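Residue-level listing of the chains:
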Amino acid sequence: MSVLNFTTKRITGKRVGAASKYPALREPIKSVIDSKLDENEGLFINYGMFSDSLPHTMFDDYDLNDYEELEFAAAVLENDHLRAEFVLDLGGRLWSLFDKDSNRELLTDNQRFIPCNLAIRNAWFAGGIEFNCGRRGHDVNTCCSRFAAALSDPVYGPVLRIYDYSVDRKVPYQLDFILPENSKMLFMRGRISNIHAEVIPMYYWTNMALPMTPGCRVVVPADTTYVNKYDGGAHFITRIDMPDGEGFDHTYPGNFPLVRDHFYNIPDRQRKYESLFNRDGSGFMHLSTGRLQGRKLFVWGDTPGGRHWQQKLLAPGMCDYLELQAGLAKTQQESLPMPPNTVWEWLEAYSPVNGDPEKLFADWQTAREHADALAEQLMPEKAMTDMLDATCQSIAVMPGKLMHCGSGSGALEELRSGRKLAAHLDFAQVTAVEEEWRYLLKHGKFNTEEPSCFTVDKDFQELINNAPDCWKKFYHQALYFYRVKDVERATNAAEKALALSRNCWTMQAWSNIHLTWNIKVEQALDMLAECMLMPQADAYLIKENLKVLNLHKAYAIVLDSIKQLSNRDRQRPMVQLQYAIALAGTGQKQQALEVLLQNNGLELPDAREGETAISGLFIGLTGNSDSIPPVLDYRTK
């Protein structure tokens, strides 16, 4: 029989501290990319991207934390064949999918919780299957609680619903996990609802972390693939042939010399699946209905930085991992235009699979044909479509029993709009985090507390504009105008907020807004230094301000500021890196090198994916690119 239980997940890990009190104003990841594509490709490259992190704050206060025993809310869905473990406090991550028949874990079941800086809001962790909706990147709630509800369907048995509200797109979405009594496949029924009378850009991807065993092969029904390439300093996306368009057989993940994304160009009428096979023919297969047209392979490659990242992200002794991914669009550099008042639904299936190694590791055409047949054996395409259709008026819209709460952002939107986001989804109540906006809705004015939540939602602007004048009114106006790139109104609002109250929030906003448009640069840099030394400054504000100061080569200010930090904040590894950069920038090269080499090398728990500043600094100081200590080496290309 199939059962659903709510429990706890205990694991050794580093605790992620509270989110920063300050909004992240800079771009988290590169938002646009060049393309070298034919005019008939029909991709929405760069559509729906964001150029800042608003309204979100960062989770980056884990850099000084030791390993400890952690406990998270979890749910387990299992039958006689599979056991699926979900961690509700960590974005609903499917942490483990265990195949009882073969006594084999199908996913990368990380044995430690190790936060690193790869997500939209910084903290992210490797392993399992994650679900990303709203904006490009690892989800804003990947290290936060999501809502969970329990359902019971007379045909399919117990159902685990994980759901949320996308602040970025202002839409509700749900993931209904189904494991029928005798099924050897775990199903996920996805549903996103555009409840608005306007077109919105929509982004969704499922990311699956799998063990990269020696000689394993990815088999997918495609003859071409879109790849992120680097050539002569240019970063662009282009299409190449399968399987050897890179000059080697890139269906074998172990062949990649560099970090790489491959977005497989599956023909529109071809069945959508992606599979990974071990040399003995055992493997994992992901299938979906046609709504998820995108499939991707991500590998770290065989570079010092790639090997470093594998070691940083996984518990000691674990097999390297890769990611298979599936999404709405063909690449992750695009969103799709979602029509007004529309629901998009799809069905995914996660399954163990066993094939003939002689066929799977033969020529590409033979491998493809064999994988096609295996997909049909697991579940015919029509059967998946029929299951999706059969549940659209049952499981999809069935109310469930609320078992675990997420953020109050959905409840706040319901309070603002005066309507339910979805009749069958319970978004509970506004929490203390959103209290500032509940107060504004109720009283028409801002409370006197420190900001705890931010918005660049255009539907809140009339309320903000009509509120009595105060620093918080002009501060929130400044953030909105910054988002929409209205230079004059953003700077004017920031000036008014600062004039009424000189605090960390108004100073951070004023400085970043002026620096973005190269206005009053010296004054802005001085203000960044001033506010990060105020009592209200937190880890994020200190590290971020130091980075910005160094980017503007304000090295003397950085050195003077670090001297005035508390001992704890001075010891943060990222602060030490900024210290080394400033020392080098002022000609103190030996002292900078000593900082990098302290304690057998400066380990950066919160190094940003793709950022190689520490590697470049070492090379610049020593003139040696061949003997960088591994702990400092983040070069992936």
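Refer to the structure above for everything that follows.
Values in this document were obtained by computation on a predicted structure and should not be read as measured data.

Participant: Explain the overall build of the chain here, please?
Facilitator: In terms of regular secondary structure, the chain is built from 17 helices and 26 strands. Here the C-alpha atoms of the chain give a radius of gyration of 25 Å, agreeing with the 26 Å that 2.2 N^0.38 yields for 637 residues. Principal axes of the C-alpha set define a box for the chain whose edges measure 70 × 60 × 55 Å. The 637 residues of the chain split such that 60% are buried. Of the contacts made within the chain by residues no fewer than 6 positions apart, 69% connect residues no fewer than 24 positions apart. Total accessible area on the chain stands at roughly 24,600 Å², and carbon and sulfur atoms take up 47% of it.

Participant: Help me out: how do you make sense of the environment of Thr289 in this one?
Facilitator: Looking at the element boundaries, Thr289 is found in the loop between strand 21 (282-288) and strand 22 (294-299). In this structure, the C-alpha to C-alpha distance between Thr289 and Met387, residues 98 residues apart in sequence, is 10.0 Å. Each residue touching Thr289, except ones within four places of it in the same chain, is listed here: Lys272, Trp346, Leu347, Met384, Thr385 and Leu388. Side-chain polar atoms of Thr289 contact the backbone nitrogen of Leu347, separated by 2.9 Å.

Participant: Help me out: how do you make sense of the pairing of strand 11 (residues 157-166) in this one?
Facilitator: Both faces of the sheet carry side chains from a regular strand, because those side chains alternate between them. The element strand 11 is extensively covered by neighbouring structure, given that 10 of its 10 residues are classed as buried. Relative to strand 11, strand 10 (residues 147-153) runs antiparallel, the two sharing 7 bridges. Each bridged residue has a counterpart across the sheet, and for Ala150 the counterpart in strand 11 is Leu160. From the end of strand 10 to the start of strand 11, which pair antiparallel, there are 3 residues. From the end of strand 11 to the start of strand 12 (residues 171-178), which pair antiparallel, there are 4 residues, and Lys170 there has a positive phi angle of about 60 degrees.

Participant: I would appreciate a short explanation of the nonpolar core in the present structure.
Facilitator: Membership of the largest hydrophobic core comes to 91 residues, with the highest contact counts inside it found for Phe86, Leu186, Ile192 and Tyr204. Of all the elements, strand 25 (residues 342-354) adds the most residues to this core, at 6 residues.

Participant: Which parts of the structure should I look at to understand helix 1 (residues 304-313)?
Facilitator: Because each turn of an α-helix spans 3.6 residues, side chains separated by three or four positions in sequence point in the same direction. In terms of residue burial, helix 1 counts as a mostly covered element, since 7 of its 10 residues are buried. In this structure, the buried side of helix 1 is in contact with strand 7 (116-119), strand 8 (122-124) and strand 23 (321-327).

Participant: Any chance you could explain helix 16 (residues 589-597) here in plain terms?
Facilitator: Buried within helix 16 we find Ala592, Leu593, Val595 and Leu596. The buried side chains of helix 16 occupy one side of the element, clustering within an arc of 155 degrees when seen end-on. Of the surrounding secondary structure, the elements contacted by the buried residues of helix 16 are helix 15 (573-585) and helix 17 (613-622). Following helix 16 by one or two positions, Asn599 adopts a phi angle in the positive range, close to 50 degrees.

Participant: Looking at this structure, I do not really get the packing of aromatic side chains. What am I missing?
Facilitator: This model, assessed by the stated rule, comprises 23 aromatic pairs. For the pair Trp205 and Phe263, a centre-to-centre distance of 6.1 Å together with 70 degrees between the ring planes defines the contact as edge-to-face. In this pair, Trp205 is assigned in strand 15 (residues 204-211) and Phe263 in strand 19 (residues 260-264), connecting sequence segments 58 residues apart. Just as Trp205 is buried, Phe263 falls in that class too. Here Trp437 and Phe460 contribute two aromatic rings whose centre-to-centre distance is 5.4 Å and whose plane-to-plane angle is 70 degrees, an arrangement assigned as edge-to-face. Placement of the pair is Trp437 in helix 6 (residues 435-443) and Phe460 in the loop between helix 6 and helix 7 (461-466), with a sequence separation of 23 residues. Taken as a pair, Trp437 and Phe460 share a single burial class, namely buried. The residue whose ring lies beneath Lys312 is Trp309, and the NZ or CZ to ring-centre distance is 5.4 Å.

Participant: So what exactly am I meant to see when it comes to unusual backbone geometry here?
Facilitator: Note on backbone geometry: most residues besides glycine have negative phi, and most peptide bonds are trans. Cis geometry is found at the peptide bond from Leu54 to Pro55, where omega equals 5 degrees. Inspection of the secondary structure assignment puts Pro55 in the loop between strand 2 (34-36) and strand 3 (67-78). Of note, the amide linkage connecting Met242 to Pro243 takes the cis form, showing an omega dihedral of 0 degrees. Among the structural elements, Pro243 can be located in the loop between strand 18 (234-241) and strand 19. Its identity as a non-glycine residue notwithstanding, Asn599 has a phi of 50 degrees, on the positive side. Structurally, Asn599 is set in the loop between helix 16 and helix 17. The residue Asn600 is not glycine, and still its phi comes out positive at about 65 degrees. Following the sequence through the fold, Asn600 ends up in the loop between helix 16 and helix 17.

Participant: Looking at this model, I keep getting lost on the environment of Val595. Mind explaining?
Facilitator: Within the fold, Val595 resides in helix 16. Under the relative-accessibility criterion, Val595 is labelled buried at 9%. Taking C-alpha positions, Val595 is 7.0 Å from Gln576, a pair spaced 19 residues apart along the chain.

The rules behind the values
- Residues numbered from 1 in each chain as written.
- Predicted model: local features only at pLDDT ≥ 70, side-chain atom pairs only at ≥ 80, totals over all residues.
- Heavy atoms only, no water.
- Helix = DSSP H or I, 4+ residues; strand = E, 2+ residues; numbered from the N terminus.
- Rg over C-alpha atoms; globule rule 2.2 N^0.38 Å.
- Buried < 20%, exposed > 50% of the residue type's maximum accessible area, 1.4 Å probe, protein only.
- Contact = heavy atoms within 4.5 Å.
- Areas by Shrake-Rupley, 256 points an atom, 1.4 Å probe, with all protein chains shown as cover.
- Polar contact = N/O pair within 3.5 Å; in protein donor to acceptor, adjacent residues only side chain to side chain.
- Pairing = 2+ DSSP bridges.
- Core = buried A, V, L, I, M, F, W, Y, C linked by side-chain atoms within 4.5 Å.
- Arc of directions from axis to C-beta.
- Phe/Tyr/Trp six-rings, centres within 6.5 Å; stacked < 30°, edge-to-face > 60°.
- Lys NZ or Arg CZ within 6 Å of the ring centre and 35° of its normal.

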